[in-house]
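Remarks on the overall topology
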Amino acid sequence: MSHTLGVRQAQKQKTRQALLDAALGLLEEQSLSSLGLREVTRAVGVAPTAFYRHFRSTADLGVALVDEALGSLHPMVRTTVSSADDSEDRIARVVRLIAHHVAAHPAHVRFIARERHGGVQPVREAIRAQLARFAQEVRTELATDPEAKGWDDDDLLMLAHLYVDQMIITASLFLEALEAPDSSEAELERVTQLATRQLRLISVGRRHWLD
């Protein structure tokens, strides 16, 4: 009996993931607000009624995609502030990390960039909540830095949001560069240099905020 339940659960999870993957693929060409559940189930090869065994609506599916796209990024976000060392090498490593993530997961990055200000409110709220969680985690990391001595909580949270926003901006810029019709190594290098300078500017402000 337990074996049968295990097989059913595994199949259910497989179908759920197939629906998420199909939706993500369809969203490369449209926004979530225009996506129909029949499109998704047709792509997977299941009946439309099967959709409701996994999600209440396409908005609910979108929230699950937010969790999938952003949920695994918390360790990467924390690397931006895990040390007081703001050397050129460290900033370069952070920018490369973002670039590699975009290259490996372009569909997820595109989905977040499009739906962050899109027309589906639960999805916007889910993205906002995840980014706020990132900022809180970054603030906690910042508070352990000796350079944070004398900073109040509001200023630490403001700095945390700057780092998080900069990561989202940088990811979007890399995605645009990768998907441009005239995409080239020169364009990727331009984005790399811009992102490096922007992070350097935040670092300079961080060091001199209390001056």
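This text gives an overview of the structure that appears in the document. (Residues numbered from 1 in each chain as written. Predicted model: local features only at pLDDT ≥ 70, side-chain atom pairs only at ≥ 80, totals over all residues. Heavy atoms only, no water.)

1. Overview of the overall build of the chain
What the chain contains, in helices and strands, is 10 helices and 0 strands. Across the chain, helices and strands are ordered from the amino to the carboxyl terminus as α-α-α-α-α-α-α-α-α-α. Dimensions along the principal axes, computed over C-alpha positions, put the chain at roughly 65 × 45 × 35 Å. Burial status across the chain gives 41% buried among its 211 residues. Of the contacts formed within the chain by residues at least 6 apart in sequence, a portion of 67% connects residues at least 24 apart. Across the chain, the 25 positively charged side chains and the 29 negatively charged ones have centroids separated by 8 Å. (Helix = DSSP H or I, 4+ residues; strand = E, 2+ residues; numbered from the N terminus. Buried < 20%, exposed > 50% of the residue type's maximum accessible area, 1.4 Å probe, protein only. Contact = heavy atoms within 4.5 Å. Lys, Arg positive; Asp, Glu negative; His and termini not counted. Charge placed at Lys NZ, Arg CZ, Asp CG, Glu CD.)

2. Some remarks on the packing of helix α9 (residues 153-179) against helix α10 (residues 185-208)
Contact geometry for α9 and α10: axes closest at 9 Å, N-to-C directions at 175°. By the criterion of interaxial angle, the relationship of α9 to α10 is roughly antiparallel. Mapping the contact onto sequence places Leu159, Leu162, Tyr163, Gln166, Thr170, Leu173, Phe174, Ala177 and Leu178 in α9 and Glu187, Leu188, Val191, Thr192, Leu194, Ala195, Gln198, Leu199, Ile202, Ser203 and Arg206 in α10. The residue inventory of the contact of α9 with α10, partitioned by class, reads 13 nonpolar, 5 polar and 2 charged. (Axes fitted to C-alpha atoms, helices over the stretch in contact; angles between N-to-C directions. Parallel < 35°, antiparallel > 145°, perpendicular 65-115°, else oblique. Nonpolar A, V, L, I, M, F, W, Y, C, P; charged D, E, K, R; others polar.)

3. Notes on the environment of Leu210
You can see Leu210 is positioned in the segment after α10. Along the chain, Leu210 and His105 lie 105 residues apart, while their C-alpha atoms are 38 Å from each other. With sequence-adjacent residues up to four places away left out, Leu210 is seen in contact with Lys149, Gly150 and Trp151.

4. Overview of the environment of Arg16
Along the chain, Arg16 falls in helix α1 (residues 2-26). You can call Arg16 partly exposed: its relative accessible area is 27%. Considered as a pair, Arg16 and Arg53 are 37 residues apart in the sequence and their alpha carbons are 8.7 Å apart.

5. Re empty space enclosed by the protein
On inspection of all chains with the given rule, the structure shows 3 cavities of 30 Å³ or more. As a volume, the largest cavity reaches approximately 230 Å³. Taken together, 18 residues line the largest cavity, and the ones lying closest to its centre are Leu70, Leu73, Val109, Ile168 and Ala171. Of all the elements in the fold, those that place two or more residues in the lining of the largest cavity are α4 (58-70), α5 (74-78), α6 (88-104), α7 (106-115), α8 (121-143) and α9. The element contributing the most residues to the lining of the largest cavity is α9, with 5 residues. For the lining of the largest cavity, the residue count by class is 15 nonpolar, 3 polar and no charged. Of the volumes computed, that of the second largest cavity is approximately 50 Å³. Here the lining of the second largest cavity is built from residues that sort into 5 nonpolar, no polar and 3 charged. (1 Å grid on protein atoms, 1.4 Å probe; cavity = no way out; pocket = protein on both sides within 12 Å on 5 of 7 lines; lining within 4 Å. Points joined across faces, edges and corners; volume = space filled by probe spheres on them.)

6. Regarding α10
The first and last C-alpha atoms of α10 sit 35 Å apart over 24 residues, in line with the 34 Å expected at 1.5 Å per residue. When we look at burial in α10, the residues that qualify are Leu188, Val191, Ala195, Thr196, Leu199, Ile202, Ser203 and Arg206. (Expected span 1.5 Å × (residues − 1).)

7. Brief notes about the pattern of salt bridges
Under the defined criterion, the tally for this structure stands at 7 salt bridges. Where Arg56 meets Asp60, a salt bridge forms, and the shortest distance between an N and an O atom there is 3.4 Å. Overall, the relative accessible area of 68% leaves Arg56 in the exposed class. For Asp60, a relative accessible area of 18% gives the class buried. As a salt-bridge pair, Asp145 and Arg206 come within 2.6 Å of each other at their nearest N and O atoms. Of this pair, Asp145 sits in the loop between α8 and α9 while Arg206 sits in helix α10, placing them 61 residues apart in sequence. (Salt bridge = Lys/Arg side-chain N within 4 Å of Asp/Glu carboxyl O.)

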